[in-house]
Amino acid sequence: MVSKQKILIVDDDNNIAELIALYLTKECFETKIVNDGEEALKEFASFHPDLIILDLMLPEVDGFDICRQVRQEKNIPIIMVSAKKDDIDKIRGLGLGADDYMTKPFSPSELVARVKAHMDRYNRLIGSNVQKNDIVEIRGIKIDKTARRVWVNGEETTFTSKEYDLLTFLAENPNRVFTKEELFREIWDMESVGDIATVTVHIKKIREKIEFNTAKPQYIETIWGVGYRFKV
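Being a predicted model, the structure only gives us computed values, none of them experimental.

*Asks:* So, the packing of aromatic side chains: which residues are in play, and what are the values?
*Replies:* Overall, the coordinates contain three aromatic pairs when judged by the stated rule. An angle of 55 degrees between the planes, with centres 4.8 Å apart, marks the rings of phenylalanine 169 and phenylalanine 178 as tilted. Residue classification places phenylalanine 169 among the buried residues on the basis of a relative accessible area of 15%. The buried category is assigned to phenylalanine 178, whose relative accessible area is 3%. Sitting over the ring of phenylalanine 64, arginine 92 keeps its end group 3.9 Å from the ring centre.

*Asks:* Go over the sheet that holds strand E1 (residues 6-10) with me, naming the residues and quoting the values.
*Replies:* Judged by pairing direction, the sheet is parallel, and its five strands sit side by side in the order E2-E1-E3-E4-E5 without closing on themselves. Both outer strands of the open sheet, strand E2 (30-34) and strand E5 (100-103), are each paired with one neighbouring strand and no more. Strand-to-strand, the axes of this sheet are offset by a mean angle of 15 degrees, without reference to chain direction. Pairing of E1 with strand E3 (residues 51-55), which is carried by four bridges, proceeds in the parallel orientation. Residue pairing across strands places valine 10 opposite leucine 54, the latter belonging to E3. Those strands touched by helix H3 (residues 63-71) are E1, E3 and strand E4 (78-82), and its axis lies near 175 degrees from that of E4.

*Asks:* So what about a nonpolar patch on the surface? Which residues, and what values?
*Replies:* There is a patch of nonpolar side chains on the surface, built from Leu19, Leu22 and Tyr23 and spanning about 250 Å² of accessible area. Mapping tyrosine 23 onto the fold places it in helix H1 (residues 14-26). Since its relative accessible area comes to 31%, tyrosine 23 is described here as partly exposed.

*Asks:* Quick one: what's the story with the side chain of aspartate 89, residue by residue and with numbers?
*Replies:* One can find aspartate 89 in helix H4 (residues 87-95). What makes aspartate 89 buried here is its relative accessible area of 8%. Setting aside residues no more than four positions away along its own chain, aspartate 89 makes contact with Leu56, Phe64, Lys84 and Tyr101.

*Asks:* Explain the pairing of strand E6 (residues 135-138) residue by residue, including any values.
*Replies:* Residues of E6 alternate between two faces, with Val136 and Ile138 buried on one and Ile135 and Glu137 left unburied on the opposite face. Here four bridges tie E6 to strand E7 (residues 141-144), and the two strands are oriented antiparallel to one another. Following the sheet pairing, valine 136 is matched in E7 by isoleucine 143. The hairpin formed by E6 and E7 contains two residues between the paired strands, and arginine 139 there has a positive phi angle of roughly 40 degrees.

*Asks:* Give a detailed account of the packing of helix H7 (residues 180-188) against helix H8 (residues 197-210), specifying residues and quantitative values.
*Replies:* Packing of H7 against H8 leaves a shortest axis separation of 9 Å and a crossing angle of 80 degrees. By the angle between their axes, H7 is roughly perpendicular relative to H8. Listed contacts from H8 to Lys180, Leu183, Phe184 and Trp188 of H7 are Thr198, Val199, Thr200 and His202.

*Asks:* How would you sum up the confidence of the model for the protein? Please name residues and give values.
*Replies:* The predicted model of the protein has a mean per-residue pLDDT of 88, with 94% of residues at 70 or higher. Model confidence for the protein, summarised as mean pLDDT per element, is weakest for H4 at 84 and strongest for E1 at 96.

*Asks:* Can you tell me about the sheet that holds strand E9 (residues 155-157), naming the residues and giving the values?
*Replies:* Judged by pairing direction, the sheet is antiparallel, and its four strands sit side by side in the order E6-E7-E8-E9 without closing on themselves. Only two strands of the sheet have a single neighbouring strand rather than two, namely E6 and E9. The mean angle between the axes of side-by-side strands here comes to 25 degrees, regardless of whether they run parallel or antiparallel. Contacting E6, E7 and strand E8 (149-152), helix H6 (residues 161-172) runs over the sheet at an angle of about 110 degrees to E7.

*Asks:* Go over the pattern of salt bridges with me, naming the residues and quoting the values.
*Replies:* Any two side chains of opposite charge can pair, on the condition that their charged atoms come close. Under the defined criterion, the tally for this structure stands at 15 salt bridges. Measuring nitrogen to oxygen at the nearest pair gives 2.5 Å for the salt bridge that ties lysine 145 to glutamate 172. With lysine 145 in the loop between E7 and E8 and glutamate 172 in helix H6, this pair connects stretches of sequence that are 27 residues apart. Between lysine 231 and glutamate 221 there is a salt bridge, with the nearest N and O atoms lying 3.5 Å from each other. Of this pair, lysine 231 sits in the segment after strand E12 (227-230) while glutamate 221 sits in strand E11 (residues 220-223), and the two are 10 residues apart along the sequence. Since its relative accessible area comes to 27%, lysine 231 is described here as partly exposed.

What counts, and at which threshold
- Throughout this description, residue numbers start from 1 for each chain and increase along the sequence as written.
- Selection of residues for local features in this predicted model requires a pLDDT of at least 70, selection of side-chain atom pairs for listing and counting requires 80 or more, and totals for whole chains, interfaces and linings are taken over all residues.
- Heavy atoms throughout the structure, all of them, feed into the side-chain values; hydrogens and water do not.
- Any pair of Phe, Tyr and Trp rings, taking the six-membered ring for Trp, is counted once the centres come within 6.5 Å. Such a pair is stacked with planes under 30 degrees apart, edge-to-face with planes over 60 apart, and tilted for the rest.
- Think of it in three bands: with a 1.4 Å probe and only protein chains considered, a residue is buried below 20% of the maximum accessible area for its type, exposed above 50%, and partly exposed in between.
- Criterion for a charge above a ring: Lys NZ or Arg CZ within 6 Å of the ring centre, and within 35 degrees of the ring normal.
- Pairing between two strands requires that DSSP report at least two bridges joining them.
- Think of it this way: any DSSP run of H or I at least four residues long counts as a helix, any run of E at least two long counts as a strand, and we number them from the N terminus.
- Note on definitions: angles span 0 to 180 degrees between N-to-C directions of axes, and those axes are lines fitted to C-alpha atoms, for helices only across the stretch in contact.
- Here a residue-residue contact requires only that any non-hydrogen atoms of the pair lie within 4.5 Å.
- Patches here are clusters of residues that have more than 30% relative accessible area and form no salt bridge, with a 9 Å joining cutoff for like charges and a 5 Å cutoff for nonpolar side chains (Val, Leu, Ile, Met, Phe, Trp, Tyr).
- Residue burial considers only the protein chains on display, and all accessible areas are found by Shrake-Rupley using a 1.4 Å probe.
- A pair is scored as a salt bridge if a Lys or Arg side-chain nitrogen falls within 4 Å of a carboxyl oxygen belonging to Asp or Glu.
- Throughout this description, any angle smaller than 35 degrees is read as roughly parallel, any larger than 145 degrees as roughly antiparallel, any in the 65 to 115 degree range as roughly perpendicular, and the remainder as oblique.
- The pLDDT value expresses, per residue, how confident the predictor is, ranging between 0 and 100.

Okay, here's the thing in structure tokens:
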């Protein structure tokens, strides 16, 4: 089931706020109404809206300050509304990062149309910019190749650069036996004339971080006389 997009309506005139909420609810948006600035900031943090309809004239914290604080954290669409017709307020609001400005009184249908337009534009923007991370997951080990981070049984674990590279290479090639020489060439990018004992040292350190019992490894097996294998 697709979750509804959430809209935070911030207006000290509850009648106007409820009318806006009614129209948006009919269009299958989830709405929440707040009537002052401090409450708006609390709900922004807990409700996680996809768009904010923001009145300028509010008790406690005004719409300009709310817009400024929201923009420091998220780039969601903000539609400012105000009874003030002065261009200076519109210019200031847009300058703080608001996406639109409507003067009261306005048509609820027009507001809904603008909400839809801004949401469509925002969804296209994040859809084109967000790339899914490349993840490798094997029996409790999660490797995020994009962020170069590793979790073992849900707990993030720190690896050195070479430890990470070696673990990732073995995990991406499961059930295949690699000699120390092959691993040395692959990870250290050198011919095996170097000290291949470093492979053994790194395997030991990796096991200490991923294995429940290093004496009986469940992930990286030693194939005596040959090399190592990542078991799945």
